Amino acid sequence: MVDGWIDAIADAVEDEDNVGPAFDPFSHKLVKCTMADYLQRIEDAKSEIARMKGAKEAFEQSNPPDDADEEELATWNYAKELERQCKELKAEYADALKALAKLSKAAAKKKATDNDRTIADAARRELQPYFDQIATLEAETCPL
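Residues numbered from 1 in each chain as written. Predicted model: local features only at pLDDT ≥ 70, side-chain atom pairs only at ≥ 80, totals over all residues. Heavy atoms only, no water.

Q: With reference to specific residues and values, describe the pattern of salt bridges.
A: By the definition in use, this model includes eight salt bridges. A salt bridge links Arg84 to Glu81; the nearest nitrogen and oxygen atoms lie 2.4 Å apart. Of this pair, Arg84 and Glu81 are both found in helix H5 (residues 78–92), three residues apart, which corresponds to roughly one turn of the helix. Between Arg117 and Asp114 there is a salt bridge, with the nearest N and O atoms lying 3.2 Å from each other. (Salt bridge = Lys/Arg side-chain N within 4 Å of Asp/Glu carboxyl O. Helix = DSSP H or I, 4+ residues; strand = E, 2+ residues; numbered from the N terminus.)

Q: Hey, could you go over the nonpolar core for me, with residue numbers and the actual values?
A: Nonpolar side chains in soluble globular proteins tend to end up buried together. Ranked by size, the top nonpolar core spans 10 residues in total: Phe59, Trp76, Tyr78, Ala79, Leu82, Cys86, Leu89, Tyr130, Ile134 and Leu137. At the level of elements, H5 and helix H8 (128–140) are the ones that each hand at least two residues to this core. No other element matches the five residues that H5 contributes to this core. In this view, Ala79 contacts Phe59 and Glu60; residues no more than four positions away in its chain are not counted. (Core = buried A, V, L, I, M, F, W, Y, C linked by side-chain atoms within 4.5 Å. Buried < 20%, exposed > 50% of the residue type's maximum accessible area, 1.4 Å probe, protein only. Contact = heavy atoms within 4.5 Å.)

Q: A description of unusual backbone geometry should follow, citing residues and the corresponding values.
A: Unusually for a residue other than glycine, Asn63 sits at a positive phi of about 55°. By secondary structure assignment, the location of Asn63 is in the loop between helix H3 (36–61) and helix H4 (70–75).

Q: Run through the packing of aromatic side chains, naming residues and quoting values.
A: Considering all chains together, one arrives at four aromatic pairs under this definition. Taking the centre distance of 4.7 Å and the plane angle of 40° together, the rings of Tyr93 and Tyr130 count as tilted. Placement of Tyr93 in the loop between H5 and helix H6 (94–108) and of Tyr130 in helix H8 is noted, with a sequence separation of 37 residues between them. With relative accessibility at 24%, the residue Tyr93 sits in the partly exposed group. Overall, the relative accessible area of 5% leaves Tyr130 in the buried class. Pairwise contacts between aromatic rings join Phe59, Trp76 and Tyr78 into one cluster. (Phe/Tyr/Trp six-rings, centres within 6.5 Å; stacked < 30°, edge-to-face > 60°.)

This is how it looks when you write it as structure tokens:
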């Protein structure tokens with residue numbers, strides 16, 4: 001009997017051409033009796049997904065610009081705005097970051113002098129506000 005039930009469920013799940021009401025294997029009384037804890041975990045997961053979707057939508061709609069008009073507000077997405085700001089910062093400091101990478105590489109060599117290390121450290125300190133801004137923006141893009 002159980003084998004027949006499993007085959008019926010498998011056929012119902014795999015039947016993509018089924019245009020009638022879908023068979024819900026989770027509503028079968030055998031499933032309800034034998035897998036109640038599993039069904040509860042599924043319901044809990046669905047609730048958590050709904051909660052997270054709501055939080056995501058609320059985050060994306062948050063912090064609109066003060067001077068935004070109705071059209072801008074309708075398409076506003078805070079997460080995309082933060083990504084745009086990150087890209088702008090990275091593009092703005094691309095050359096300085098390349099120079100810092102070269103200085104750091106030179107300072108890491110065995111034959112590097114104390115002066116090489118001092119210059120690399122000074123460049124890193126000078127770029128620290130950039131690193132802080134990027135870290136703040138990236139932390140803000142993932143509030144969950």
